[in-house]
Amino acid sequence: ADVVMAFSRRSLKSPGISGSACIALGVGAALVLLNGTGYLRSGLRTQAQAAHQVTAPQHGVTCGHVSLSALQSARFNLAQSAGLRRERSGLKPQMKVFSSPSSTMEIFEAKLPRTVDDMVAQAKEAILQAFLSGKDRHRLEVILPINEKKYDYLAIEAVDYPCSLLEEFEAAVDVTERILEAVTGESKTQFNVKRLDPGGIGGGDPCMLIETSEASNIAAVTFPFSDNLKQIEKLVERGRKVLLINPQWNDGTALISDFGIGPWKKKADDFLGTFESTYVLKEQRIGAPSSLSFEDGKRYSDGGVVRVLRKFPEEHVAFVMAVDGASQSIGEYKSFPSYQELDESIKMGRERKLEIFDYAKDAIMPNPFSAIREGETNRDNEATSPSEIVSRMDKTTIRQALTQRGLPTSGTMATIRDRLQAVLEAELQQQ
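Residues numbered from 1 in each chain as written. Predicted model: local features only at pLDDT ≥ 70, side-chain atom pairs only at ≥ 80, totals over all residues. Heavy atoms only, no water.

A. Representation of a nonpolar patch on the surface in the model. Taken together, the side chains of Ile-256, Ile-261 and Trp-264 define a hydrophobic patch exposed on the protein surface, amounting to about 380 Å² of accessible area. Here Trp-264 is to be found in helix 8 (residues 262–272). Of the residues examined, Trp-264 reaches a relative accessible area of 62% and is grouped as exposed. (Patch = residues over 30% accessible without salt bridge, like charges linked within 9 Å, V, L, I, M, F, W, Y side chains within 5 Å. Areas by Shrake-Rupley, 256 points an atom, 1.4 Å probe, with all protein chains shown as cover. Salt bridge = Lys/Arg side-chain N within 4 Å of Asp/Glu carboxyl O. Helix = DSSP H or I, 4+ residues; strand = E, 2+ residues; numbered from the N terminus. Buried < 20%, exposed > 50% of the residue type's maximum accessible area, 1.4 Å probe, protein only.)

B. Here's a closer look at the environment of Phe-357. Position of Phe-357 relative to the elements: it lies in helix 10 (residues 355–362). Once the C-alpha coordinates of Phe-357 and Gly-303 are considered, the two residues, 54 residues apart in sequence, prove to be 9.5 Å apart. The contacts of Phe-357, once residues within four sequence positions are left out, are Tyr-300, Val-320, Ile-330, Ile-346, Gly-349 and Arg-350. (Contact = heavy atoms within 4.5 Å.)

C. Representation of the pairing of strand 5 (residues 208–211). Residue alternation in strand 5 divides its side chains into two sets, Met-208 and Ile-210 and Leu-209 and Glu-211, and both sets are buried. In terms of strand pairing, strand 5 meets strand 6 (residues 218–222) through 4 bridges, oriented antiparallel. Residue Ile-210 lies in a different strand from strand 6, and its bridge partner there is Ala-220. (Pairing = 2+ DSSP bridges.)

D. Highlighting the pattern of salt bridges. In the structure shown here, the tally under the stated rule is 19 salt bridges. Put simply, Glu-276 and Arg-310 hold a salt bridge, and the shortest N to O gap is 2.8 Å. Of this pair, Glu-276 sits in strand 8 (residues 276–286) while Arg-310 is found in strand 9 (residues 304–311), placing the two residues 34 residues apart along the sequence. Comparing Glu-276 with Arg-310 shows no difference in burial state: the two are buried. The partner of Lys-298 in a salt bridge is Asp-362, with the nearest N and O atoms 2.8 Å apart. Taken together, the residues span a long stretch of sequence, with Lys-298 in the loop between strand 8 and strand 9 and Asp-362 in helix 10 at a distance of 64 residues. Residues joined by salt bridges that share partners form a network here, namely Glu-148, Lys-149, Glu-283 and Arg-307.

E. Focus on the pairing of strand 9. Among the 8 residues that make up strand 9, 8 are buried, leaving the element largely enclosed by the rest of the structure. Pairing of strand 8 with strand 9, which is carried by 8 bridges, proceeds in the antiparallel orientation. Residue pairing across strands places Val-280 opposite Arg-310, the latter belonging to strand 9. Bridge count for strand 9 against strand 10 (residues 316–321) is 5 bridges, and the pairing is antiparallel. Within strand 10, the residue paired with Val-308 across the bridge is Ala-318.

F. Quick look at the sheet that holds strand 5. Spatially, 4-5-6-7-3-8-9-10-11 is the arrangement adopted by the 9 strands of the open sheet, whose pairing is mixed. Strands with a single pairing partner mark the edges of an open sheet, and in this sheet they are strand 4 (192–195) and strand 11 (327–333). Between one strand axis and the next, the sheet turns through 20° on average, direction left out of account. Across the sheet, helix 6 (residues 165–184) lies against strand 3 (137–141), strand 4, strand 5, strand 6 and strand 7 (241–245), angled at about 160° from strand 6, the strand it touches most. (Axes fitted to C-alpha atoms, helices over the stretch in contact; angles between N-to-C directions.)

G. The packing of aromatic side chains, seen in detail. Using the criterion set out here, one finds 4 aromatic pairs in the structure. For the pair Phe-223 and Phe-225, a centre-to-centre distance of 6.3 Å together with 75° between the ring planes defines the contact as edge-to-face. Of the residues examined, Phe-225 reaches a relative accessible area of 15% and is grouped as buried. On the numbers, 5.4 Å between centres and 80° between planes, the contact of Phe-271 with Phe-275 is edge-to-face. In this structure, Phe-271 and Phe-275 share a single accessibility class: buried. Through a chain of ring-to-ring contacts, three or more aromatic side chains come together here, namely Phe-169, Phe-223 and Phe-225. The side chain of Lys-241 reaches across the aromatic face of Phe-131, ending 4.5 Å from its centre. Here the basic side chain of Lys-282 rests over the ring of Phe-336, its NZ or CZ set 4.9 Å away from the ring centre. (Phe/Tyr/Trp six-rings, centres within 6.5 Å; stacked < 30°, edge-to-face > 60°. Lys NZ or Arg CZ within 6 Å of the ring centre and 35° of its normal.)

Structure follows, in structure tokens:
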């Protein structure tokens, strides 16, 4: 009713518009808002919204002086049950967006990658789209298949003993080569691979340059630090299409950036500002979601684990994750959202009772032992065994598996690992 009245009063002031047409416009706008489930996407703060102060609480919609162009430029995030994706059961999310400047509704899928292969395919698509748009400088930030994500890319519970910087670097190089192979159609054996750091013990921070053939003319710099900036500038001067993969520098979020202060920082910022964030897939923990809640005694009752996805030319989409790989979108953003923005989006999602938050409380980690029963093999095509499966697990996962079997969880890491391995071997013999 507020929307109808607002449009009617505003449109009556416009010449050539009849009273019935004014009411029709108001009714149409109200239906659009209701179809959008009654709330604006989190993080959207366009000038039109700031001027007209469009708000949409959980129950009903209130509007100030709303213009049709403001509503046409607004996107609505349908973060309801249709948006909840349980990766293990194959459900797919859908987000409804208001496609501006036309008045038609557009449906698209915002899909988180389940595996490294999915991520590589998405990165390839984004890079090729950017190439077609005339962009030759790209920045990619991806989740690497290391630690808990080495065997399950959707895992969100950190392991007790993370890998070394060198192992992380090697994983980044491998991912870079896979992306370049997908984009160019060339084999990595055709690439020119060169360390940009001295290497070895005490040789500095690791950084790799991977160049494709002259035909594709791409140079990827993996794990660049601030010391590599001049080398990156030379690649651009040579006319190469440059990809920066998982930069390691701090470009200004702290008091002093890795590029210094004053004119030195400005020069670096101006240069790096010419790089498009073509593909982004990052994970961030908001609050302490793994801690037990005092209210209900469950985990994931507060905060959350969020993955942010951006594929050129689309916007950044934030997803809340559950331990079994389920996810649900909670908002879109023009740029990469800050910690505060993600925290606010989570709080708003809980107020709106999005399904993912209740689901995450009772979600159970995927059974890491199903591979034994199903006769699966690991990445080296070797048969899996109880000892190999248990060796991949962190303390939290092992204790959860023991609890599910009614077994004690006390003891050192070696003790509970041996305990679980013995049980699994017994289960395997009984099959």
